[in-house]
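# Tertiary structure, described
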Amino acid sequence: MKLPIVAYGDPVLRKKTEEIDEDYPQLKELIDNMFETMYSAHGVGLAAPQVGLSIRMFVVDGSPFAEDEDGEGDPNLKDFKKVFINPIIVEETGEKWGFNEGCLSIPDINEEVMRPSNVLINYLDENFEEHEIELTGLAARIVQHEYDHIEGKLFVDKLGPLKKTMLKAKLDQISKGQIRVGYKMKFPLQKKGR
């Protein structure tokens, strides 16, 4: 089932999330729904707060970045499909590098964001088995972006003051639902009954 994606401006996107355990209600169904929602919106990651749940979980599938039109891309992302439950970033290392990021909760805005090139993350998978993996490049970036969501942060927070000022009107339009998107969204400031 496709879930509505929560738009910029909703307080759930600014909350630090809670850990969950194996008894979390209908967890398998939620994970399936999050993947379906992410795929239908053409995303490579989706965090629980983006579907209105303040829990420490996100899903990723980096395969769209495995090969781009030029035959470039990162072949390591071909099988990079994972569920991260209660993740903890142990360490971020390496040179910071820029990449044009977007977000399903902030449609039609893409900006260059600087992030460290490597991340070491500890997490539980969908079977509550513990893993610790080191990721680099785009895989690291996807995970860092989604991890920010469960910490109540958004990629636009990483932009400079001038860029934020330039985007303010567009961000206000998003929170009011004054945009067109190709997937179901929930807008915090949308006027009811129109």
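Residues numbered from 1 in each chain as written. Predicted model: local features only at pLDDT ≥ 70, side-chain atom pairs only at ≥ 80, totals over all residues. Heavy atoms only, no water.

## Looking at the UniProt feature "active site" (unreviewed entry) in the protein chain
Here, the residues flagged by UniProt with the feature "active site" (unreviewed entry) are Glu146. Take glutamate 146: it is sitting in helix H2 (residues 137–150). The class for glutamate 146 is buried, based on a relative accessible area of 4%. Once residues lying within four places of it in the same chain are set aside, the contact partners of glutamate 146 are Gly45, Leu46, Ala47, Gln50, Phe58 and Val60. (UniProt positions renumbered as here; feature names shortened; annotations may be inferred. Helix = DSSP H or I, 4+ residues; strand = E, 2+ residues; numbered from the N terminus. Buried < 20%, exposed > 50% of the residue type's maximum accessible area, 1.4 Å probe, protein only. Contact = heavy atoms within 4.5 Å.)

## Section: the UniProt feature "binding site: Fe cation" (unreviewed entry) in the protein chain
According to UniProt, the feature "binding site: Fe cation" (unreviewed entry) maps to Cys103, His145 and His149 in the numbering used here. Over a stretch of 47 residues, the named residues converge on one spot in the fold, their C-alpha atoms separated by at most 10.2 Å. Among the secondary structure elements, cysteine 103 is positioned in strand E4 (residues 81–103). Filtering out sequence-adjacent residues up to four positions away, cysteine 103 remains in contact with Gln50, Ile109, His145, His149 and Phe155. Looking at the secondary structure, you find histidine 145 in helix H2.

## Re helix H3 (residues 161–176)
Look at H3: 22 Å from first C-alpha to last across 16 residues, which is about the 22 Å you get at 1.5 Å a residue. The axis of H3 is deflected most strongly, by about 45 degrees, at lysine 168. For H3, the full list of buried residues reads Leu167, Leu171, Ile174 and Ser175. Positive phi shows up at glycine 177, right after H3, with a value of about 80 degrees. (Expected span 1.5 Å × (residues − 1). Bend = angle between axes of the 7 residues up to and from the residue.)

## Describing the sheet that holds strand E6 (residues 130–136)
Taken in spatial order, the five strands of this open sheet run E2-E3-E4-E5-E6, and their pairing is antiparallel. With one partner strand each, in any of the chains shown, strand E2 (45–47) and E6 form the two edges of the open sheet. Averaged over all pairs of adjacent strands, the angle between their axes in this sheet comes to 45 degrees, without regard to strand direction. Across three bridges, E2 lies against strand E3 (residues 57–61) in antiparallel orientation. Across the sheet, glycine 45 pairs through a bridge with valine 60, a residue of E3. Packed onto the sheet, helix H1 (residues 27–40) meets E2, E3 and E4 and runs at close to 45 degrees relative to E3. (Pairing = 2+ DSSP bridges. Axes fitted to C-alpha atoms, helices over the stretch in contact; angles between N-to-C directions.)

## Structural notes on the side chain of histidine 145
Among the residues examined, histidine 145 registers a relative accessible area of 9% and is labelled buried. Every residue in contact with histidine 145, bar those within four places of it in the chain, is listed here: Glu101, Gly102, Cys103, Arg115 and Phe155.

## Points about the pattern of salt bridges
A full pass over the atoms with the stated rule returns eleven salt bridges. Lysine 158 serves as the salt-bridge partner of aspartate 148, at 3.7 Å between the closest nitrogen and oxygen. Remark: lysine 158 occurs in the loop between H2 and H3 and aspartate 148 occurs in helix H2; sequence separation between them is ten residues. Since its relative accessible area comes to 9%, aspartate 148 is described here as buried. Of the residues examined, lysine 158 reaches a relative accessible area of 41% and is grouped as partly exposed. A cluster of three or more residues bridged by salt bridges with shared partners is formed by Glu101, Arg115, Arg141, Asp148 and Lys158. (Salt bridge = Lys/Arg side-chain N within 4 Å of Asp/Glu carboxyl O.)

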